[in-house]
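# A structural walkthrough
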Amino acid sequence: MDRLTDALFRNSRLIVVAWILLAITGGAFAIGLEGRAVPGGEASSTSQAESVARELSRNGVPALFVVVTGKAATAEGAGELKTVRDKIAGTEGVREVQPLPLPPAKEGTGPLTVFGVSSTGGIDGSIGVANKLLDIEGLAPGDSKVFLGGYGAHREELVQLSRSDLLRAEQVGLPIVLVVLLLTFGTLWATLVPLAIGASALLGGLGVAGALAFGIPFSEYVTNSATMVGLALAIDYAMFLVQRVRELLLGGLEVDDAVRTAMRTTGVAVAWSGLTVLVAEAGMFMVDSRAIQTAALGMMLVTAMAIVAALIGAPIVLRALGHRILRKKERARLAAGEVSTAHVDGEMSGFWGRWGLRVTKRPLLWLVAGTAVLAALCLPVLDLVQKVDLPTASQMPVDSQVRQSTELGAKAFGPGVFAPVEIVVHGSSGEVRGNAERIAQALTGNPDVLAARPIPLDNTEAYRVSVATTHSPSDDRTHELVRSLRGGSLHETLSGIRFEVGGETAMRIDATDALFASLPLMLLVLLGLVLLLLIVAMRSIILPIKAVLLVVISLGASIGGLLLLSTTEIGARIIGWSDPADLHPIVPITIVSVVIALSTDYEVILISRIAERYRETGDNTGSIIDGVARTGRVISSAAAIMIAIFFGFALSDVTPLKQLGVGLAFAVLIDATVIRGVLVPASMQLMGRWNWWFPGKQERNPDSAQPLGDDRLGEPDRARQTDGSPAGATVRD
């Protein structure tokens with residue numbers, strides 16, 4: 001690490017210029033990322049739902065519908081209705097606009113007409129058409145209203161809401177971050193360093209994603225998820241380095257020596273932490289879902305830039321600022337030669353020092369109590385399978401066109417008419433129609449089916465059966481109907497017929513199945529890789545095993561807590577939501593990856609300080625107290641920053657982003673308090689010298705082990721002269 005630091009010092013001007021150019025270029029590419037994002041992709045590309053969607057889109061089946069109410073839907077408004085239809089038909093990408101064949105509207109329903117809109121370019125084409133139709137001004141005549149609905153419109157509205165939510169999250173989260181940094185450091189210069197590192201990492205990472213988006217269909221959630229995780233990590237990493245340099249400067253080191261020492265200690269910890277975060281995020285690629293895989297790629301790109309910015313940009317900036325990152329009073333004392341250990345003594349006698357002492361005095365009690373609390377939060381995870389589903393139109397904002405069109409259609413014709421179960425029958429041109437009619441006949445009279453209608457497709461070797469259901473696409477009874485068609489009693493009745501089942505309900509099932517099919521293996525692989533990384537980083541066996549066990553507990557408590565807050569009436573009221581909602585499939589898989597990453601992040605930072613002290617003294621208890629005392633404030637501040645950023649997304653109008661914001665904020669709160677403040681010090685106190693055991697390593701002494709792969713973690717003694725007095729310091733104003 002010293003060689004890297006020296007290289008940065010020698011080439012600082014060139015690196016700063018390159019850094020600025022990279023941020024500007026990245027910003028240019030990042031601007032277009034949202035426009036190139038492709039909504040959907042939650043289900044596997046090989047799933048039946050996706051296969052049916054592709055077949056129907058190739059045959060011009062409407063993926064959008066338009067609900068017209070008011071005068072234009074009456075006989076007197078025929079001219080106005082024709083104007084609406086012509087405007088829609090004249091929109092680029094629209095193939096055809098035709099009235100939908102619907103059952104008679106229920107009594108009490110006002111005048112209402114529904115058009116089906118088919119588009120060129122399949123599902124992606126329908127999303128593009130929805131983008132244009134949602135922006136058409138004056139589409140509805142004066143005495144009428146027009147509402148756009150359908151899968152493509154739903155996805156496009158989610159994209160538009162995601163954009164506004166990102167701006168809102170930044171407006172809410174960044175001022176809080178600024179306040180936390182000012183309170184932590186007490187000086188504007190020190191505050192600006194993490195913000196600059198965070199901004200450059202975000203621009204660089206999203207810029208690379210924006211460039212890749214010309215060839216890779218990124219999910220609409222990529223910008224928000226990458227911003228949420230990457231910005232928080234970048235600010236935290238820079239914050240850890242700033243805090244360490246400040247501490248070393250106050251101990252009497254010269255600026256260059258302080259930066260070098262911070263890099264070989266905290267810098268090494270940041271590098272290992274970042275590598276572990278990348279591994280955890282890469283685990284999301286094991287899920288067969290384009291939405292999840294591309295969201296993971298976006299997060300990895302911003303995380304990689306966060307590591308680079310922290311380890312390359314931060315040292316140069318900190319060296320240039322020198323003592324300006326200290327408070328004015330601190331600089332004055334150093335200038336007068338009044339170097340002391342008051343800052344260290346203050347940490348040891350402060351809240352976190354007293355807390356570490358309290359936990360290490362009765363470690364078993366604290367370990368049992370903390371584990372019991374988290375175990376109770378883990379209980380709701382037992383019902384996770386039943387609590388995951390794609391969001392419905394009713395979870396959109398009340399002024400959403402998609403929500404209003406869907407609710408109007410459900411009120412007039414029933415909840416399953418506008419989102420039918422779609423069956424595509426395959427076979428020879430001579431038999432496919434008869435097989436489709438056989439399926440429709442088998443479904444006739446089913447209490448969960450309103451009507452089953454065979455419809456020919458352009459492809460003569462395929463036939464469509466459109467099944468209007470009695471219940472909504474998200475209803476359990478509609479789910480059971482789809483499962484019965486795919487592999488239950490209805491499937492057995494229709495043996496010999498080759499068909500696939502799709503539609504919105506099938507898409508929900510396939511998206512959930514993709515998640516739970518991959519989750520167990522993903523967990524095992526991730527935890528195994530994290531264990532190996534931590535063994536190499538810490539050069540210990542017991543500490544990494546303990547860390548992985550705590551990750552599992554933290555993970556269960558985080559998802560369990562989110563389930564309590566999101567899917568129950570009481571929990572929804574506590575966090576200010578109007579109604580409870582099942583978790584979007586992208587939420588638990590992202591939380592698994594991010595919680596593993598963040599939990600390991602704080603673990604490495606804390607253990608590195610404990611290990612550093614243990615190298616100097618060989619005192620396990622004293623090292624634990626010292627590590628908790630010295631990192632307590634900065635980890636708490638870092639956690640507060642992450643919670644502030646995540647809280648901004650918790651205010652989102654998009655259900656998945658709202659759930660991610662709440663879930664990740666809750667996870668960080670648990671990790672920075674119960675895990676780092678209670679379980680880590682309590683368990684390390686109980687394990688004693690076994691914390692540092694490693695096969696083939698001789699019995700521990702203060703100079704024998706090199707945790708976290710650094711051979712000079714305990715070198716802050718360079719801050720003192722050989723006679724024990726503080727070294728002199730030159731203060732830069």
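The rules we used
Numbers given for residues are sequential positions, taken from 1 along each chain in its written order. Residues qualify for local features only when their pLDDT is at least 70, as the model is predicted, and side-chain atom pairs are given and counted only at 80 or more; totals for whole chains, interfaces and linings, by contrast, use all residues. Remark: hydrogens and water are excluded; side-chain values derive from all non-hydrogen atoms of the structure. Strands are runs of DSSP state E lasting at least two residues, helices are runs of H or I lasting at least four, and both sets are numbered from the N terminus onward. A 1.4 Å probe and the Shrake-Rupley method give the accessible areas. Residues count as covered only by the protein chains that appear here. The charged-residue count follows a simple rule in which Lys and Arg add positive charge and Asp and Glu add negative charge, with His and chain termini not counted at all. To locate a charge, take atom NZ for lysine, CZ for arginine, CG for aspartate or CD for glutamate. Each residue gets one of three labels from its accessible area relative to the maximum for its type: buried under 20%, exposed over 50%, partly exposed in between, using a 1.4 Å probe on protein chains only. Two strands form a pair only when DSSP identifies at least two bridges running between them. The term salt bridge refers to a side-chain nitrogen of Lys or Arg lying within 4 Å of a carboxyl oxygen of Asp or Glu. Two rings from Phe, Tyr or Trp (for Trp, the six-membered ring) form a pair when their centres are within 6.5 Å of each other. A pair whose planes differ by under 30 degrees is stacked, one over 60 is edge-to-face, and the rest are tilted. Note on geometry: a ring has a charge over it if NZ (lysine) or CZ (arginine) is within 6 Å of the ring centre and within 35 degrees of the ring normal. To get an axis, a line is fitted to the C-alpha atoms, and for a helix only the part in contact is used. The angle between two axes follows their N-to-C directions and goes from 0 to 180 degrees. Put simply, angles under 35 degrees are roughly parallel, angles over 145 are roughly antiparallel, angles from 65 to 115 are roughly perpendicular, and the rest are oblique. Helix crossings are classified by the rotation of the near helix relative to the far one: an anticlockwise turn of less than a right angle makes the crossing left-handed, while a clockwise turn makes it right-handed. Residue contacts are counted whenever heavy atoms from the two residues lie within 4.5 Å of one another.

This next bit is on the overall build of the chain. Along the chain, the regular secondary structure elements total 25 helices and eight strands. With respect to the principal axes defined by its C-alpha atoms, the chain has extents near 100 × 50 × 45 Å. Total accessible area on the chain is roughly 28,600 Å²; 60% of this is exposed by carbon and sulfur atoms. With 62 positive and 69 negative side-chain charges, the chain shows a separation of 7 Å between the mean positions of the two kinds.

Bringing the pairing of strand β5 (residues 416–426) into the picture now. A large share of β5 lies buried, amounting to 11 of its 11 residues. Across seven bridges, the pairing between β5 and strand β7 (residues 462–469) is antiparallel. Directly across from Ile-423, in β7, lies its bridge partner Val-465. Pairing of β5 with strand β8 (residues 498–503), which is carried by six bridges, proceeds in the antiparallel orientation. Counted as the bridge partner of Val-424 is Glu-500 from β8.

Right, let's get into the pattern of salt bridges. All chains considered together, the criterion is met by 26 salt bridges. A salt bridge links Glu-55 to Arg-58, with the nearest nitrogen and oxygen atoms 2.8 Å apart. Remark: Arg-58 and Glu-55 occur in helix α4 (residues 48–58); sequence separation between them is three residues, near one turn of the helix. The buried category is assigned to Glu-55, whose relative accessible area is 8%. Between Asp-256 and Arg-319 there is a salt bridge; the shortest N-O distance is 3.0 Å. Within this pair, whereas Asp-256 is found in helix α10 (residues 255–282), its partner Arg-319 is found in helix α11 (residues 290–321), the two being separated by 63 residues in sequence. Accessibility expressed as a relative area gives 21% for Asp-256, which makes it partly exposed. Here Arg-319 falls in the partly exposed class, since its relative accessible area comes to 26%. In this structure, a network of salt bridges that share partners links the residues Arg-244, Glu-247, Arg-609, Glu-612, Asp-626 and Arg-630.

Turning our attention to the packing of aromatic side chains. Using the criterion set out here, one finds seven aromatic pairs in the structure. Note on Phe-65 and Phe-418: the rings are 4.3 Å apart at their centroids and 50 degrees apart in plane angle, and the pair reads as tilted. A residue pair is termed long-range when its members are at least 10 positions apart, and Phe-65 in strand β1 (residues 64–70) and Phe-418 in strand β5 qualify at 353 residues. By relative accessible area, Phe-418 is classed as buried at 17%. Aromatic ring contacts, followed pair by pair, group Phe-351, Trp-352, Trp-355 and Trp-366 into a single cluster. Taking NZ or CZ as reference, Arg-319 lies 4.3 Å from the ring centre of Phe-9, over its face.

Here we come to the pairing of β1. For β1, the buried fraction is high: six of the seven residues fall into the buried class. Pairing between β1 and strand β3 (residues 112–119): six bridges, direction antiparallel. Bridging from a neighbouring strand, Val-66 pairs with Phe-115 of β3. One ladder, built from six bridges, connects β1 with strand β4 (residues 144–149); its direction is antiparallel. Of the residues in β4, the one forming a bridge with Val-68 is Val-146.

Below, the discussion takes up the packing of helix α14 (residues 351–361) against helix α24 (residues 620–650). Interhelical geometry of α14 versus α24 gives an angle of 135 degrees and a closest axis separation of 8 Å. Here α14 is positioned oblique relative to α24, judged by the angle of their axes. Here α14 runs over α24; the crossing is right-handed. The segment α14 lies against α24, with Trp-352, Gly-353, Gly-356, Leu-357 and Thr-360 engaging Thr-621, Ile-624, Ile-625, Val-628, Ala-629, Gly-632, Arg-633 and Ser-636.

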